Protein chains: 2
Amino acid sequence: MKWKPNRHSHLTVQEQIVDWIKTRIERGDWTVGTKIPTQRQLATQFNVNRSTVQLALDELKANGLLESKMGSGVFLANNSWNVLLNSAQPNWQQHIESSIHKPNYHTIQLINQCEQMDHIIRLGTGELSPELLPTKQIEQSLKNISLESKAIGYSSPQGSEKLRGILCEYLKKRGIQTAPENILIVSGALQALQLIAIGLLEEGSSVFHEQPSYLNSVHPFQSAGMRMISVSRDSHLTNNLRALKRKRQALFYCVPTLHNPTGYNWSLEEKKNLYNMCKELQIPIIEDDVYHELLFESSSPAIKSFDTSGQVLYIGSVSKTLSPGLRIGWVVAPSPVIERLADIKMQTDYGSSAFSQEIVAHWISFGLYEKHLIKLREQLKRRATYVEEILEQKFQQIATWKKSEGGFYIWIRFHEPIVNKALFLNLLNQNVLINPGYIYKSSDLHHIRLSFAYASLEELKEGLNILLELSRH
Amino acid sequence: MKWKPNRHSHLTVQEQIVDWIKTRIERGDWTVGTKIPTQRQLATQFNVNRSTVQLALDELKANGLLESKMGSGVFLANNSWNVLLNSAQPNWQQHIESSIHKPNYHTIQLINQCEQMDHIIRLGTGELSPELLPTKQIEQSLKNISLESKAIGYSSPQGSEKLRGILCEYLKKRGIQTAPENILIVSGALQALQLIAIGLLEEGSSVFHEQPSYLNSVHPFQSAGMRMISVSRDSHLTNNLRALKRKRQALFYCVPTLHNPTGYNWSLEEKKNLYNMCKELQIPIIEDDVYHELLFESSSPAIKSFDTSGQVLYIGSVSKTLSPGLRIGWVVAPSPVIERLADIKMQTDYGSSAFSQEIVAHWISFGLYEKHLIKLREQLKRRATYVEEILEQKFQQIATWKKSEGGFYIWIRFHEPIVNKALFLNLLNQNVLINPGYIYKSSDLHHIRLSFAYASLEELKEGLNILLELSRH
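Cut-off values and rules
- Residues numbered from 1 in each chain as written.
- Chains lettered and ligands numbered in written order.
- Predicted model: local features only at pLDDT ≥ 70, side-chain atom pairs only at ≥ 80, totals over all residues.
- Heavy atoms only, no water.
- Salt bridge = Lys/Arg side-chain N within 4 Å of Asp/Glu carboxyl O.
- Helix = DSSP H or I, 4+ residues; strand = E, 2+ residues; numbered from the N terminus.
- Buried < 20%, exposed > 50% of the residue type's maximum accessible area, 1.4 Å probe, protein only.
- Contact = heavy atoms within 4.5 Å.
- Buried area = accessible area lost by both parts, 1.4 Å probe.
- Polar contact = N/O pair within 3.5 Å; in protein donor to acceptor, adjacent residues only side chain to side chain.
- Nonpolar A, V, L, I, M, F, W, Y, C, P; charged D, E, K, R; others polar.
- Lys, Arg positive; Asp, Glu negative; His and termini not counted.
- Pairing = 2+ DSSP bridges.
- Least-squares fit on C-alpha atoms with pLDDT ≥ 70 in both.
- Domains from an automatic or database assignment.
- Core = buried A, V, L, I, M, F, W, Y, C linked by side-chain atoms within 4.5 Å.
- pLDDT = per-residue confidence, 0-100.
- Axes fitted to C-alpha atoms, helices over the stretch in contact; angles between N-to-C directions.
- Expected span 1.5 Å × (residues − 1).
- Phe/Tyr/Trp six-rings, centres within 6.5 Å; stacked < 30°, edge-to-face > 60°.
- Lys NZ or Arg CZ within 6 Å of the ring centre and 35° of its normal.

1. A short note on the pattern of salt bridges
Argument step 1. Scanning the model with the defined rule gives 29 salt bridges over all chains in all.
Argument step 2. When the shortest N-O distance is used, the salt bridge between D118 of chain A and K150 of chain B registers 3.4 Å. Here D118 of chain A is found in the loop between α6 (106-114) and β3 (121-122), whereas its partner K150 of chain B is found in the loop between α7 (135-142) and α8 (161-172) on a different chain.
Argument step 3. Across the salt bridge formed by D289 of chain B and R174 of chain B, the nearest N and O atoms sit 2.7 Å from each other. Remark: R174 of chain B occurs in the loop between α8 and β4 (183-186) and D289 of chain B occurs in the loop between β8 (285-288) and β9 (312-317); sequence separation between them is 115 residues. Here the two residues D289 of chain B and R174 of chain B agree in accessibility, since each one is buried.
Argument step 4. Via salt bridges that share partners, E115, R122 and E127 of chain A belong to a single interconnected network.

Set out below in structure tokens:
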């Protein structure tokens, strides 16, 4: 993908490099004060001799576009804009830094970037391996989808009526009785959290969640100015919540089935305790239930299934089971809540892809989805067993873990607090990408969220070997 | 879609109605203090006698679930929850009212709702008529799409590499030279505005725009706390901007080609003036260019085509041309901006539908898109001519307008200030939905944004007749 000089051009390689750098500056890709890559890096990228790069850079320095700073590299000169274009570009960096939304944590930005690189072994990825995705079956099903003109126009605020009707039937199997007007189609579970954050809570509201938490690795609530409060799922929960709940509004976020990142499954009693306590304190519950279909054994009922007070906002999705590329999830909630969230969704993206909604409706209503899930669970179980065997053979001395009950993850605890950013970067240096525990709980230096769902068996083996080696240092 | 009692049930109709109302309360659809629909409305909905409804309501009142308030109707009783469930539900209304994001304007919420009703004649809708959408051709093309597993996983932060590559070629025809790393795929142009609002501006920044403005009918910037400042496109623009630009950051939003709602096309000189002035003042420009392919005659170059300073954030989309249901648009900008917006998009919805991206890539790269556009422009021109003939025959005495140069809209100005909310509601009462000028400029009671793109020719004729009649009162 990266640009290289064209050997057949009428321009010399040096001229092409000079032009390429000028274009970077013109487009605003390199802003004033940017440190440009080293000669060595550029030579590698361009596949040319360092001396050619040096000549090009010298030319640009002579023109006043670049300047060397002793010992620290070559930078875009302060007046490069005046020289090049007699103009000033907007100071994008300043725009970005002073704007509203928080940037992702650096480790997570790195993870997002590295997940695009083919040579990286991804030991933490919360996504099905390409080989587990029913790509060919979906491709095949596209041939059988018939579209109606109305369906591919702007969607109704709550999403496709057809899909919402089908979801009502489908949710019955999870013990949830609902109606199309109580469902909102969203572009994945994360968007649901985003809409709830800006649509149902006043600034400064309390969001209770368990530690470690998925909500520390994304931050829909933090970006909207909410206070995140960690609680534990023990017998003191009720008293704690009672004490912690201030006059401000509050909300309880939980993943009771195949918790991310720990894989824990709440008992029915724990679910009922939480529900009763939140009902008493009038704290709405978000039940994030995106993993339940990946349980190896049958699960206890969803909290939503015994919600008789419109207390639970239930979130489902096909991203973990069918294809994340569909970007389709749903919220089940009382209709004033659904109408509110739909109104905001209309204001931000005018609804989710009609085509994705058609595909999901097709897969659920024709039974393709359920058939796929049966096979998928088997494959995931085989992968879990494979990884657990490696762990038992090699990691017994340095770590503990629980046998997987389903989903994607094994939450490994190292005896020593070795899982820090240095380990993360050292592993990355060896092309192994992990999801360290500290992105789910900042003080945690003991855990790794190991995913058996993404990497190939070979990669899992190789990656775990490298992890083992670096863990010992 | 609305529930009706089942005549074949083992329950009496009255019992079914009682159960249905209890379910409304349990699900939280009707909250404490809600005024329930009148007996007449319920009888119509259920298709039963009023007396049956009355008996059901009496039963619920006797149980303490409902209460009558003299002269104002039947309400959910304060203690209905205690009676029904011995519980208290969250006060959703309070949650909604104190939360962060603003609700849509009431007229716009009504428009969103009524656009879902089949019997309504939509005279203002900014959307292609179902008969103009290439539904069957898209359905056919689905059979020829081959998917790769990698493509239907989580997308790279900037969106499909394949689509971005294809867009680079496509944008050349618009005079825009760019590279895949300068493109972000978004779920429609509105999402682009949303991302820019929270990702590039500090709170309280100035957003300059022309009046009337699309930005008054949606409010991505207002919701993020920006100051909206109206400016006009005249010779004093430079002086005005210089005076208005404070120390805070600023941004200029424009739709220079087929402006929404007026249909105006900026001259090349106007574009260059704006560009030079914004460059001097370091004010970034958003060029919203979603309509340009619908011009009946060729257009002057996009502002982005002569942007040599990374000043212009260019927005395109297929929503107005191919299918809004795809939810695919793009932003072209300097790479620090693109990376920033991509980072926020990852935090809010993890990218746009991979399937929609595949479809757009297929349509552009195989030339289906361009072929479709040629036909579409012809059809729109025929519709414009049809509507203009009606206007000339019937509206000459009471209104003025300019001949359409393309797109969807004719911006009609009535001599008298009659376009108020009463006219909007009176028309709606006769099943005619308009987009009144006041949603684009709150003080405007003269204009209607008439769309010749959505309603059928028959409906356009009928709707215009009703409009004519009510305009005369």
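So much for the structure itself; the text now carries on.
2. A word on the interface of chain A and chain B
By a frequent convention, interface size equals the accessible area lost on bringing the separate parts together.
Argument step 1. At the interface, 111 residues of chain A touch 111 residues of chain B.
Argument step 2. With both sides pooled, the region where chain A packs onto chain B buries about 9,200 Å², and carbon together with sulfur makes up 55% of that total.
Argument step 3. It is W92, Y154 and Q347 of chain A that lose the most area in chain A upon contact with chain B, and together they represent 8% of the buried surface on that side.
Argument step 4. Inspection of the region where chain A meets chain B yields four salt bridges.
Argument step 5. For the pair chain A and chain B, the interface holds 53 residue pairs in polar contact (both at pLDDT 80 or more).
Argument step 6. Elements that contribute at least two residues to the side of chain A that touches chain B include exactly α1 (13-26), α4 (80-85), α5 (92-98), α6, α7 (135-142), α9 (189-199), α13 (335-348) and α14 (354-365) of chain A.
Argument step 7. With nine residues, α13 of chain A is the largest single contributor of residues to the side of chain A that touches chain B.
Argument step 8. When its residues are assigned to classes, the side of chain A that touches chain B shows 43 nonpolar, 46 polar and 22 charged.

3. Focus on the side chain of R449 of chain B
All names here are of chain B.
Argument step 1. By secondary structure assignment, the location of R449 is in strand β15 (residues 447-451).
Argument step 2. Although buried, R449 forms no salt bridge, and the nearest oppositely charged side chain, E115, lies 6.3 Å from it.
Argument step 3. A polar atom in the side chain of R449 sits 2.9 Å from the side chain of N260.
Argument step 4. Ignoring any residue separated from it by four or fewer positions in sequence, one finds R449 in contact with L123, G124, T125, G126, N260, P261, Y409, I410, W411, N435 and Y440.

4. Describing the pairing of strand β1 (residues 66-69) of chain B
All names here are of chain B.
Argument step 1. Where β1 lies against strand β2 (residues 73-76), four bridges are found, and the strand directions are antiparallel. Across the sheet, the residue bridging to L66 is L76, located in β2.
Argument step 2. Where β1 hands over to β2, the hairpin turn is made up of three residues, of which G71 adopts a positive phi near 80 degrees.

5. A word on the relation of the copies chain A and chain B
Argument step 1. With an RMSD of 0.1 Å, the operation that places chain A on chain B is a rotation of 180 degrees combined with a shift of 0.1 Å along the axis. On this basis, the relationship between the two copies can be described by a two-fold rotation axis. Considering only C-alpha atoms, the part of chain A nearest the rotation axis is K143 of chain A, at 2.4 Å.
Argument step 2. Both copies present the same face, since 100% of the interface residues in chain A are matched by interface residues at the equivalent positions in chain B.

6. A look at unusual backbone geometry
All names here are of chain B.
Argument step 1. Backbone torsion omega between Q211 and P212 reads -15 degrees, so that peptide bond is classified as cis.
Argument step 2. Residue placement: P212 occurs in the loop between β5 (206-210) and α10 (220-223).
Argument step 3. Across the junction of N260 and P261, the peptide omega takes the value 15 degrees, indicating a cis bond.
Argument step 4. Inspection of the secondary structure puts P261 in the loop between β7 (250-254) and α12 (268-281).

7. Let's talk about the sheet that holds strand β14 (residues 435-436) of chain B
Argument step 1. Judged by pairing direction, the sheet is antiparallel, and its four strands sit side by side in the order β11-β12-β15-β14 (chain B) without closing on themselves. On the outer flanks of this sheet lie β11 (399-400) and β14 of chain B, each paired with one strand and no other.

8. Points about the domain arrangement of chain A
Argument step 1. Taken domain by domain, chain A comprises domain 1 (13-98), domain 2 (106-127 + 372-472) and domain 3 (135-366).
Argument step 2. Distance from the C-alpha centre of domain 1 of chain A to the C-alpha centre of domain 3 of chain A: 47 Å.

9. Examining the nonpolar core
Argument step 1. Membership of the largest hydrophobic core comes to 241 residues, with the highest contact counts inside it found for F221, W330 and L380 of chain A together with F221, W330 and L380 of chain B.
Argument step 2. For this core, the element with the most residues is helix α9 (residues 189-200) of chain B, which contributes nine residues.
Argument step 3. In contact with W330 of chain A, other than residues within four places in its own chain, are L167, Y170, L171, I183, L184, I185, V186, Y314, I315, G316, S317 and V318 of chain A.

10. A look at the confidence of the model for chain A
Argument step 1. Confidence in the prediction for chain A averages 89 pLDDT; 95% of positions are at 70 or higher.
Argument step 2. Scored below 50 in pLDDT, residues 81-87 of chain A makes 21 contacts in the model with residues more than four places away or belonging to other chains.

11. A short note on the sheet that holds strand β6 (residues 227-231) of chain B
All names here are of chain B.
Argument step 1. Strand order in this open sheet of seven strands is β4-β10-β9-β8-β7-β5-β6, and the pairing throughout is mixed. Each having just a single partner strand, β4 and β6 make up the two edges of the open sheet. When the angles between neighbouring strand axes are averaged without regard to direction, this sheet yields 20 degrees.
Argument step 2. For β7 and β8, the ladder comprises three bridges, and the chain directions are parallel. Considered in β8, the bridge of F252 is made with I285.
Argument step 3. Of the strands in this sheet, β4, β9 and β10 (329-332) touch α8, which is tilted by about 110 degrees from β4.

12. Brief notes about α13 of chain A
Argument step 1. With 14 residues, α13 of chain A extends 20 Å from end C-alpha to end C-alpha; this agrees with the ideal 20 Å at 1.5 Å per step.
Argument step 2. For α13 of chain A, the tally of buried residues reaches 13 of 14 residues, placing the bulk of the element in the interior.

13. Side note on the packing of aromatic side chains
Residues and elements named next belong to chain A.
Argument step 1. A full pass over the atoms with the stated rule returns 28 aromatic pairs over all chains.
Argument step 2. Measuring from ring centre to ring centre gives 5.3 Å for W20 and F46, while their planes differ by 80 degrees; the resulting arrangement is edge-to-face. In this pair, W20 is assigned in helix α1 and F46 in helix α2 (residues 39-46), connecting sequence segments 26 residues apart. F46 carries the same exposure label as W20, and that label is buried.
Argument step 3. Within the aromatic cluster, the residues linked to one another by ring pairs are W3, W20, W30 and F46.
Argument step 4. A cation sits over an aromatic face here: K69 above F75, 4.5 Å from the ring centre.

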